[in-house]
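Survey of secondary and tertiary structure
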Amino acid sequence: MATKKTNMLTTTGVLLALGTILSFVKIFEWPFGGSITLASMVPVIIVGFKYGTRWGVFSAFMFSILQAVLGATTTQAFAGMYDSGDVKGSVMKIVIMAALDYIVAFTVLGFSGVFRDRIRANTVSLALGGGFVVILRFAAHFVSGFLLWGDYAKGFFEGLGDYFADGGRMDTMLTSLSENILAHHSGQYLAEIYSFVYNGFYMIPELFITVIVLVILMSIKPINKAITDNPEIR
């Protein structure tokens, strides 16, 4: 039993470390913010699938704490929330951001094994579970986006076409779409559309990358065996 627990702790530690490293590997960064990583959620998702929801959620929670610390020390995300003229309001916004964009957004990855006991085909259950938790993460960012960053909505859509100002089809399409959105929506609804679009720009590619990588890994027999054999905790 001690050996099994040691193996579980070691494997989890290695996978969380790998996920942390991959989170710094940006394969693409949007000019307006948001980046696409090299399947950084996959290691955390594997922990939840291999060891079950209880251990998966705990491990993902620890990963979320690490991501919050890194977010506070290596980016300007939290600094952007601070307003010296409204310290109390700033603290509340920072707490909400930490909770939604980090704690909730990454802890939900631990639910990746939710379909394991319902679908016999491990590749299918892992792919569905992985896709499901990425969508949950997107939902957390979406709520945070319109609650905290809704004031940026108008400026975002006014300048969206400029980010792709190459005179091509993308530029024209985004400019037209932005003008249409601004002409018909405002206030809270505009903030919600902004959050959906902004977070969708990087979370949708992350969703596809995550599911594809999970399927590829499960097609490799030694890795498939390592992920699916003898889960210690269910």
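In short, a report on the structure. These numbers come from a predicted model, not from an experiment. (Residues numbered from 1 in each chain as written. Predicted model: local features only at pLDDT ≥ 70, side-chain atom pairs only at ≥ 80, totals over all residues. Heavy atoms only, no water.)

1. Remarks on the overall build of the chain
Along the backbone of the chain there are 9 helices and 2 strands. Listed by position from the N terminus, the elements making up the chain come as α-β-β-α-α-α-α-α-α-α-α. Its C-alpha atoms give the chain a radius of gyration of 20 Å, near enough to 17 Å, the size a compact globule of 234 residues would have. Along the first, second and third principal axes, the C-alpha atoms of the chain reach 60 × 45 × 30 Å. Positive and negative side-chain charges in the chain, numbering 16 and 15 respectively, have mean positions lying 20 Å apart. (Helix = DSSP H or I, 4+ residues; strand = E, 2+ residues; numbered from the N terminus. Rg over C-alpha atoms; globule rule 2.2 N^0.38 Å. Lys, Arg positive; Asp, Glu negative; His and termini not counted. Charge placed at Lys NZ, Arg CZ, Asp CG, Glu CD.)

2. Comments concerning the nonpolar core
With 50 residues, the main nonpolar core has Phe32, Phe156, Phe157 and Leu160 as its most contacted residues. Elements with a contribution of two residues or more to this core: helix H1 (2-23), helix H2 (42-51), helix H3 (53-74), helix H4 (87-107), helix H5 (122-148), helix H6 (153-159), helix H7 (169-184) and helix H8 (187-218). Sort the elements by how many residues they give to this core and H8 lands first, with 10 residues. Setting aside chain neighbours within four positions, we find phenylalanine 156 in contact with Phe32, Tyr194, Val197, Tyr198 and Phe201. (Core = buried A, V, L, I, M, F, W, Y, C linked by side-chain atoms within 4.5 Å. Buried < 20%, exposed > 50% of the residue type's maximum accessible area, 1.4 Å probe, protein only. Contact = heavy atoms within 4.5 Å.)

3. Observations regarding the packing of H4 against H5
Packing of H4 against H5 brings their axes to within 8 Å, and their N-to-C directions diverge by 165°. As summarised for this structure, H4 and H5 are arranged roughly antiparallel, according to the angle between their axes. Classified by chirality, the crossing of H5 by H4 is left-handed. Side by side, H4 and H5 meet where Lys93, Ile96, Met97, Leu100, Asp101, Val104, Ala105 and Phe106 of the first sit next to Arg137, Ala140, His141, Val143, Ser144, Leu147 and Leu148 of the second. Partitioning the contact of H4 with H5 into residue classes produces 10 nonpolar, 2 polar and 3 charged. (Axes fitted to C-alpha atoms, helices over the stretch in contact; angles between N-to-C directions. Parallel < 35°, antiparallel > 145°, perpendicular 65-115°, else oblique. Left-handed = near helix turned anticlockwise from the far one by under 90°. Nonpolar A, V, L, I, M, F, W, Y, C, P; charged D, E, K, R; others polar.)

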